Amino acid sequence: MSSLLRREWQVALRAKGAIINPVAFLLLSTTLFVIAAPDTVSSDAAAGILWTLVLLTQLLALDAMYRRDFDSGVLEQTLVSAQVPFVAVLTRIFMQWLSTGFIMVAVGPALGILLGLPAEATPAIALAMLLGTPALSLLGSIGASVTVGFSRGGVILALLVMPLFLPTLIFGAGLVAAAEAGSSVMPQVYALSLISLVALAIAPFATLAGLKISLEMQ
Amino acid sequence: MLSASLKRLWHKLGSPRWFFALTESWVKVAGWSALVLLVWGTIWGLGFAPADYQQGNSFRIMYVHVPAAMLAQSLYIGMGVAGFIGLVWRMKLTDVAISACLPLGMVITALALFSGSVWGRPTWGSWWEWDGRTVSTLVLFFLYVGIYALREAIADQELRARASALIAMVGTINIPIIKYSVEWWNTLHQPASFGLTQKPAMPSEMWLPLLVMVLGFYAFAGFIVLVRMRTEILNRELGARWVRDWVQVRSER
Amino acid sequence: MLTLEELVCERDGRELFAPVSIDVRAGDYVELTGANGAGKSTLLRTLAGLHSRYSGAFDSVDCLFQGHRLGLDGLLTPLENFAWFLGFEGRDADRERFLDALQRTGVLNKAYQPCSEMSAGQQRRVAMARWLLSSRSLWLLDEPLTALDASAQQVMAKIIVEHCQAGGAVVCATHSELPVAQKRLLKLEATQRTPDGSVHSGYRDFAKVQDE
């Protein structure tokens, strides 16, 4: 377990692009959005746009989730040798979340400001990211695991996981909107937590099954 | 002793040959009942059911739309259950079932969306309204498309079976969450819109034909799925002796 | 250590080779041969638990598996790669042992260089050093000679012989023979069709199950 975490950490430090690129993409796409549709700034749509862009960013990052380990053979070594492959999968999902979702917790409020959301809503944005993004990493991991064996799995990955992201999008954007309107955010907090917990219950098993399928494809 | 006989039964259930022999008569039953129920329900619903006091005759699209929407979801859940059985007990027949349900489910979901759109024109005044049910059905369609794309991408039959079973299972677990969240979203954004089918106390002259149509749709789906499954079994078992024997018997008849 | 009983690997509903039965005992070096596409890699992957479609049975102790993809993280140095790999066996990193192993396989000077910056042959040597560090007694090696020069092949033969003498066992799929004196040969032959010419369908037929 600790050696797995250490490896993930070493890799994260050496492949900084995996952390920086999604953030850059998010900033860039926000900029494009605002320039293309200036009216959306400070409007009711801002929270929804923010979450949609976070979703797309996560989707781009997901394609790489297992690809490097798959291509190098590290993945097959993990499944052959790890005493509990389940833990290895969970570690990978956690690190993927740290390098994307957790970053969103910090970047999200800043983007909210760019999109003209009131400063009072920024804690709510951070909270929504914190509760919602784990579901994106977990459910996305399932899609990534069955598509990692394809040379071009990106589009199929999107088709598989985007519908599953919808509840997170609804309640994530809903939480921010509720905070903006000054009403209680508790229903959304519960809903997002529940969605992430359900995802946590199914994703590691499903991912493991998906990775085994992908490893058998060659 | 008990477990041995259970195991044998299980093997039997998973055996394509056994399934093929078993369903020989089922196909006819499902096919004929679909025909009778659909004709009966259509004539009743279109010709004899009273017109709606608010919507006039346009409500009659309900007799296609509601069964289609129900069936669309049932077929997906059916794929999820088949996927679960297939993954847990390694039963290969379940992939035949998934491959039979998938195209039918996609078409029926498209039909539900289309009929909803046609219904929406006179009712809401637009071809497309982002109503809660519409969105749920649309997402369901995307779920179907995802599995379809995945199946297209995997050449190996058994891996294709396992991957699509897994994704169908995950999708089925998520369907209630998606439905609930979309409903919540809908009440938030369109509190005023009235539901199409949630009429207070629909008179029995209106809902009885609907019931007949629903049954007819399910019988039709059963017929199509059985025929497709049987065709797929013949296709996959092409080299097996029992298939050759069966073909021989059929051609001599 | 490794027992195969009538093992047949399947892929896409097709049997890859005729049933294989062998009892691999401590000290055995087994050379797995067969034409391209005979199923050597699939057999090794099956034994390692990476391929699930087979009939027959096998029983195996924990193994060290090396496939076509070496399983070295290109961003990490050999020492870092050893550390996470041995973590699976519940062992701590031991820099001295790691360096000794690299010395043995002739890539000591690459100890602090990311693996992606090495040549294919050097990466193979690093992977070979990993065998020395592992505590697994059964090694499953798929074409380990690829990209190795003559001196590295000599080293590999020596490492394998030593492992066998120490009570281990090695199953090695290869096209070119390894200079090992005592070896057992396991050749994968193509599947024989049944006399009536029927093709295996990939389904388990109920009639057959009942006969069992």
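Residues numbered from 1 in each chain as written. Chains lettered and ligands numbered in written order. Predicted model: local features only at pLDDT ≥ 70, side-chain atom pairs only at ≥ 80, totals over all residues. Heavy atoms only, no water.

### Looking at the side chain of Thr78 of chain A
How we decide: Helix and strand assignments follow DSSP, with helices taken as H or I runs no shorter than four residues and strands as E runs no shorter than two, numbered in order from the N terminus. Within 3.5 Å is the distance limit for a polar contact, defined as a pair of N or O atoms, with the added protein rule that one can donate a hydrogen and the other accept it, and that residues adjacent in sequence qualify only through two side-chain atoms. By definition in these notes, contact holds between two residues if any of their heavy atoms fall within 4.5 Å.
For Thr78 of chain A, the location among the structural elements is in helix α5 (residues 74-81). Among the polar contacts listed, one links the side chain of Thr78 of chain A to the backbone oxygen of Val74 of chain A, at a separation of 2.7 Å. Beyond its immediate stretch of four places on either side in the chain, Thr78 of chain A contacts Ala88 of chain A together with Phe88 of chain C.

### Considerations on the interface of chain B and chain A
The condition that has to hold: When two parts are put together, the accessible area they lose, computed with a 1.4 Å probe and summed over both, is reported as buried area. Salt bridges are defined as contacts in which a side-chain nitrogen from Lys or Arg sits within 4 Å of a carboxyl oxygen from Asp or Glu.
Of the residues lining the interface, 27 residues belong to chain B; the matching set on chain A comes to 25 residues. Between chain B and chain A, the buried area comes to about 2,200 Å², and carbon and sulfur atoms account for 88% of it. When the area that chain B buries against chain A is broken down by residue, the three leading residues are Leu159, Leu166 and Trp184 of chain B, summing to 23%. One can count one salt bridge joining chain B with chain A. Between Glu216 of chain A and Arg162 of chain B there is a salt bridge whose closest N-O contact spans 3.3 Å. At the junction of chain B with chain A, the criterion picks out one residue pair in polar contact (both at pLDDT 80 or more). Going through the elements one at a time, α5 (132-153) and α6 (157-189) of chain B are the ones with two or more residues in the side of chain B that touches chain A. Considering every element that reaches the side of chain B that touches chain A, the biggest residue donor is α6 of chain B, with 16 residues.

### Re empty space enclosed by the protein
Rolled over the atoms, a probe with the dimensions of a water molecule shows which regions are left empty. The line we're drawing: Here a cavity is any set of points on a 1 Å grid over the protein atoms alone where a 1.4 Å probe fits but cannot get out, and a pocket is any open set with protein on both sides within 12 Å along at least 5 of 7 lines; a residue lines the site when it has an atom within 4 Å of a point. Grid points are joined across faces, edges and corners, and a volume is the space filled by probe spheres set on the points. For this classification, the nonpolar set comprises Ala, Val, Leu, Ile, Met, Phe, Trp, Tyr, Cys and Pro, the charged set comprises Asp, Glu, Lys and Arg, and every other residue, Gly included, is treated as polar.
By the definition in use, this model includes five cavities of 30 Å³ or more. Considered as a void within the structure, the largest cavity measures approximately 130 Å³ in volume. Asp69, Leu75, Thr78, Ala88 and Arg92 of chain A are, among the 14 residues lining the largest cavity, the residues nearest its centre. Considered class by class, the residues forming the lining of the largest cavity number nine nonpolar, one polar and four charged. Its boundaries defined by the atoms lining it, the second largest cavity holds a volume of some 80 Å³. Every residue along the wall of the second largest cavity is listed here: Leu139, Ile142, Gly143, Leu159, Leu160, Val161 and Leu164 of chain A together with Tyr76, Leu143, Ile167, Val170 and Gly171 of chain B. Those elements that place two or more of their residues in the lining of the second largest cavity are α8 (122-147) and α9 (154-181) of chain A together with α6 of chain B. The biggest single contributor to the lining of the second largest cavity is α9 of chain A, with four residues. Of the residues assigned to the lining of the second largest cavity, the class counts are ten nonpolar, two polar and no charged.

### Section: the packing of helix α3 (residues 95-105) of chain C against helix α4 (residues 120-133) of chain C
Residues and elements named next belong to chain C. Heads up, the rule is: Fitted lines through C-alpha atoms give the axes, limited to the stretch in contact for helices. The angle between two N-to-C directions lies from 0 to 180 degrees. Any angle that is under 35 degrees is reported as roughly parallel, and any over 145 degrees as roughly antiparallel; angles of 65 to 115 degrees are reported as roughly perpendicular and all others as oblique. Two helices crossing with the near one rotated counterclockwise from the far one by less than a right angle form a left-handed crossing, whereas a clockwise rotation gives a right-handed crossing.
With their axes 8 Å apart at the nearest point, α3 and α4 run at an angle of 130 degrees to one another. Classed by the angle they form, the pair α3 and α4 counts as oblique. Between α3 and α4 lies a crossing whose hand is right-handed. Residues Arg97, Phe98, Ala101, Leu102, Arg104 and Thr105 of α3 lie in contact with α4, whose contacting residues are Arg125, Val126, Met128, Ala129, Leu132 and Leu133.

### Considering helix α2 (residues 17-36) of chain A
All names here are of chain A. As a reminder, the rule being used: A helix's residues, less one, multiplied by 1.5 Å, set its expected span. A 1.4 Å probe rolled over the protein chains alone gives each residue an accessible area, and that area as a share of the maximum for its type sets the label: buried under 20%, exposed over 50%, partly exposed in between. Each C-beta atom gives one direction from the helix axis, and the arc is the one those directions make.
A rise of 1.5 Å per residue sets the reference length of α2, with its 20 residues, at 28 Å; its end C-alpha atoms lie 27 Å apart and thus fit the reference within 8%. Listed in full, the buried residues belonging to α2 are Pro22, Val23, Leu26, Ser29 and Thr30. One face of α2 carries all of its buried residues, which in axial projection span an arc of 130 degrees. With respect to the buried face of α2, the exposed residues turned more than 90 degrees away are Asn21, Leu28, Leu32, Ile35 and Ala36. Packed against the buried residues of α2 are α3 (46-62) and α7 (101-114).

### Topic: the confidence of the model for chain B
Residues and elements named next belong to chain B. Selection criterion: Looking at any residue, its pLDDT shows the predictor's confidence there, from 0 to 100.
In the predicted model, chain B carries a mean pLDDT of 87, and 93% of its residues have values of at least 70. For the stretch residues 191-196, pLDDT sits under 50, and the model shows ten contacts to residues farther than four places along the chain or on other chains. With a pTM of 0.90, the predicted complex shows an ipTM of 0.91.

### A closer look at the packing of aromatic side chains
Using the following cut-off: A pair of Phe, Tyr and Trp rings is counted when the ring centres sit within 6.5 Å of each other, with Trp represented by its six-membered ring. The angle between the planes then sorts it: under 30 degrees is stacked, over 60 is edge-to-face, the rest tilted. Either the NZ atom of lysine or the CZ atom of arginine qualifies as a charge over a ring when it sits within 6 Å of the ring centre and within 35 degrees of the ring normal.
Under the criterion given, the structure shown has 17 aromatic pairs over all chains. With 4.7 Å between their ring centres and 40 degrees between their planes, Phe171 of chain A and Trp184 of chain B make a pair best called tilted. Highlighted residues: Phe171 of chain A in helix α9 and Trp184 of chain B in helix α6, drawn from two different chains. Both residues of the pair, Phe171 of chain A and Trp184 of chain B, belong to the buried class. Between Trp84 of chain C and Phe85 of chain C, the aromatic rings sit 6.2 Å apart at their centres with planes inclined by 75 degrees, giving edge-to-face as the arrangement. What makes Trp84 of chain C buried here is its relative accessible area of 2%. Of the aromatic side chains, those joined through ring pairs into one cluster are Phe94, Trp97 and Phe102 of chain A. Stacked on the ring of Trp84 of chain C, the Lys or Arg Arg7 of chain A has its end atom at 5.2 Å from the ring centre. Its guanidinium or amino end placed over the ring of Phe20 of chain B, Arg230 of chain B lies 4.0 Å from that ring's centre, counting from NZ or CZ.

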